[in-house]
Every structure is written in C-alpha cells, then in structure tokens.
Amino acid sequence: MSEPVTALKGGTNTAGFASVTEIGPIGMITLRGRLSEKAITKSAVAASGVTMPEQRMCNTQGEHGIAWMSPDELLVMCPYAEVHDRLADLQEKLAKHHALAVNVSDARAVFQVKGEGVREVLAKLAPVDMHPDQFTPGMFRRTRLAQVPAAFWMTDDTTVHIICFRSVAQYVFEVLCVAAQPGSEVDHF
Amino acid sequence: MLTIHCPNCGVTAEETEFHAHGEAHLTRFGPGSTDDQFESYLFMRRNPKGVHFERWRHQNGCGKWFHVARCTMTLEVFGSYSAQTTEPPQDIIDIIKDRRPDWDGLEATT
Ligand SMILES: [Zn+2]
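What counts, and where the lines are drawn
Residues numbered from 1 in each chain as written. Chains lettered and ligands numbered in written order. Predicted model: local features only at pLDDT ≥ 70, side-chain atom pairs only at ≥ 80, totals over all residues. Heavy atoms only, no water. Helix = DSSP H or I, 4+ residues; strand = E, 2+ residues; numbered from the N terminus. Rg over C-alpha atoms; globule rule 2.2 N^0.38 Å. Buried < 20%, exposed > 50% of the residue type's maximum accessible area, 1.4 Å probe, protein only. Contact = heavy atoms within 4.5 Å. Areas by Shrake-Rupley, 256 points an atom, 1.4 Å probe, with all protein chains shown as cover. Lys, Arg positive; Asp, Glu negative; His and termini not counted. Charge placed at Lys NZ, Arg CZ, Asp CG, Glu CD. Pairing = 2+ DSSP bridges. Axes fitted to C-alpha atoms, helices over the stretch in contact; angles between N-to-C directions. Donors = N, O, S within 2.8 Å, 3.2 Å for Na, K, Ca; no water. Tetrahedral: all angles 85-135°; square planar, octahedral: opposite > 155°, others 65-115°. Buried area = accessible area lost by both parts, 1.4 Å probe. Salt bridge = Lys/Arg side-chain N within 4 Å of Asp/Glu carboxyl O. Polar contact = N/O pair within 3.5 Å; in protein donor to acceptor, adjacent residues only side chain to side chain.

S.K.: What should I look at first to understand the overall build of chain B in this one?
M.R.: In terms of helices and strands, chain B carries three helices and six strands. Beginning at the N terminus, the succession of helices and strands in chain B can be written as β-β-β-α-β-β-β-α-α. Scaling as 2.2 N^0.38, a compact globule of 110 residues should have a C-alpha radius of gyration of about 13 Å, and chain B matches this with 15 Å. Here the C-alpha coordinates of chain B stretch approximately 40 × 35 × 25 Å along the principal axes. A burial count over chain B gives 38% of its 110 residues as buried. Once local pairs closer than 6 in sequence are excluded, the contacts in chain B between residues at least 24 apart make up 47%. As displayed, chain B offers around 6,500 Å² of accessible surface, 49% of which is attributable to carbon and sulfur atoms. Taking the 11 positively charged and 16 negatively charged side chains of chain B as two groups, their mean positions are separated by 4 Å.

Here you go:
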C-alpha cells in the first residue's frame, strides 16, 4: 500500500494573526440520496459515528463527522485509514436504495485556521456574515473563498476547518495566509 | 450587488455565491416545433427594463437551481422560488404587484 500524501504535505504558516495549517488526510465520503429516507441517514450515522445534523449544520467529533451539504447530499467524515471499510459497509447497507456513496478523501484538501482573528480571515474571503451572533460553531457553510468553492465550519470560537478541492489547495493556502497577514487586522468582530 | 436567497438550502448571500443563468419560464421547443418557434427558443430573449424572472444556481453553495424575480432597473430583488414550476407563484406575484402597481404581468411581455 502506498502512503497517502496530502496536497501540501501538511504545510503551515504561523506568521499571521491566525495560523494556517493543512491537516489531514481525512476520510471523506460523499453520500447522495433522499435525506428523508431513514435508511440513508441511518447508514450515514453508522458510517460516521455521530448523529445526523440539521440543515446547514455539521456534527463532528474528532475525525468523525457528518456535514449537511445540500437537500440530497451529506459528507461523511472518518479517519483516513478506515474510509474503505466504512464505504464498503455503507454501500452494502444502501444496495437496495437509490443512493450514491463515493470516497472523495483524495480529491480534497483540509485546512485549519486558528487564532483570535479567525472570523476576520474568513470574512475577508467569503460572502458570509462571520459575526459571532450569526455564524457559530456547529454551522456548516458551502461558499467560496476568494475565487474558488470551499466549505467550512468552526470547531470552536477560534478554530475554523476548511475543505476545498485538492487542485486548488495551494491557492487556498496562500489566500488564507494573505488574509491573515500581520498588520492587516480590521478588528471588526 | 444583489442579495439572493436560495430556497433549497436556506442561505442568503450576496450574488457572487450564485450564478445567473438567464431568462426563466422559457418553453423548450424541440422536435415537432416550427423553425420560428425553435429559433425563438434558442436565441430570442426578453430584455425588460423593470420586472424580470431569471433562473439562478447556488453555484458555490448547495449547487441547486431556483428562480429569482427582480427589477433590472433598481436591482430590487422581489423574491426567489422553486425551480420546479413553469410560472411564478402567487406570493411572488403579490409582492411584485405591491411594489410595482403598474406592472402588467408576465404574459403581457412574452
Ligand atoms: Zn442553496
């Protein structure tokens, strides 16, 4: 078996007012189907080990999680080493249902941005209201970061996790570093 | 800058999270139609100054399609509604009539 390699080999930048680090690899399964069907959400819960999130929310515990992606899509997260087994189990459970489950772990890059100014870093790049009253830990948002699609959630009030396509990992890393540049604080929040 | 609401996932954001895909409620003329009908379906579009109906997609979000009613002159957005309809729903029409009492309806301009 070859070693999994992330897009930026775990690149990190701590020069800014928030640190930017590539984390992962994380096991990620895209699951599409009618979310009103019990069998589909039950299999996602079994594969992830966490409970089903509400619309536009995510439930995460360590490397395990479910994110609500759209009215017919979930993202199931698990440790990278377990993704094949969990996917096989998921596909077996859904064999008789109109659903699709695919391992997308290697098609994605994952970042962690951490620091007091983390809301500001995101607010500079995404059309999302990052005010502490509006965007809170547990919410999940698919949006754009500057010019590319991305999704993020806060694990606590000073930590954001970001998922983007692997092909734009370098771009996202650099644009996050620029947004966190020392001296560029706006101190809005 | 337009502020758009996606009825599929419930997000409200400025327009750069979305993408506009042109006039809504076109009849898709295909096999069996006349040349004139097919030409008008392919090429002829309304370009109203005022109330307009468009198809939009939540491009950088949930990825789903929906409809938006807005004013091309003032950039006021009247509301968004399901993509699975061939005409604007009554609640959207009521909002438009309230905001634009002299609007003469979708039919008058098609
Ligand atoms: Zn949406």
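S.K.: Would you mind showing me how to read the sheet that holds strand β4 (residues 58-61) of chain A here?
M.R.: One key point about sheets: their strands pair by backbone hydrogen bonds, in either a parallel or an antiparallel sense. All names here are of chain A. Taken in spatial order, the five strands line up as β4-β5-β6-β3-β7 in an open sheet, and their pairing is antiparallel. The strands lining the two open edges of the sheet, one partner per strand, are β4 and β7 (99-103). When the angles between neighbouring strand axes are averaged without regard to direction, this sheet yields 20°. Judged from the seven bridges that link them, strand β3 (residues 26-33) and strand β6 (residues 73-79) form a sheet pairing that is antiparallel. Each bridged residue has a counterpart across the sheet, and for Gly 27 the counterpart in β6 is Cys 78. Here helix α1 (residues 38-48) sits on the sheet in contact with β3, β5 (64-70), β6 and β7, set at roughly 20° to β6. Along the sheet face, helix α2 (residues 83-93) touches β3, β5, β6 and β7 and points at about 170° away from the line of β7.

S.K.: Which parts of the structure should I look at to understand the coordination of the zinc ion?
M.R.: Under ideal tetrahedral coordination, the four donors around a metal are separated by 109.5 degrees; under ideal octahedral coordination, the six donors are separated by 90 or 180 degrees. For the zinc ion, every protein donor is listed as Cys6(B) (SG), Cys9(B) (SG), His58(B) (ND1) and Cys62(B) (SG), and the spread of their distances is 2.0 to 2.4 Å. If you look at the zinc ion, its four donor atoms make angles of 100 to 114° with each other, and the shape they trace is tetrahedral.

S.K.: Please clarify how the sheet that holds strand β3 (residues 19-23) of chain B should be interpreted in this entry.
M.R.: All names here are of chain B. Taken in spatial order, the four strands line up as β3-β4-β5-β6 in an open sheet, and their pairing is antiparallel. The strands lining the two open edges of the sheet, one partner per strand, are β3 and β6 (77-82). Between one strand and the next, the sheet's axes are offset by a mean angle of 30°, whatever the strand orientation. The sheet contact formed by strand β4 (residues 51-57) and strand β5 (residues 65-71) spans seven bridges and is antiparallel. The residue of β5 that forms the bridge with Arg 55 is His 67.

S.K.: I keep staring at the interface of chain A and chain B and nothing clicks. Help me out?
M.R.: One frequently used descriptor of interface size is the decrease in accessible area upon assembly of the parts. Listed per partner, the contact involves 15 residues of chain A and 13 residues of chain B. Note on chain A versus chain B: buried area summed over both sides is about 1,000 Å², and carbon and sulfur give 46% of it. On the surface where chain A and chain B come into contact, there are three salt bridges. Notably, a salt bridge pairs Arg144(A) with Glu14(B), separated by 3.4 Å at the nearest N-O pair. In this assembly, chain A and chain B are joined by nine residue pairs in polar contact (both at pLDDT 80 or more). It is strand β9 (residues 140-145) of chain A that contributes the most residues to the side of chain A that touches chain B, four residues altogether.

Geometric descriptors of this kind do not, in isolation, establish any biological role.
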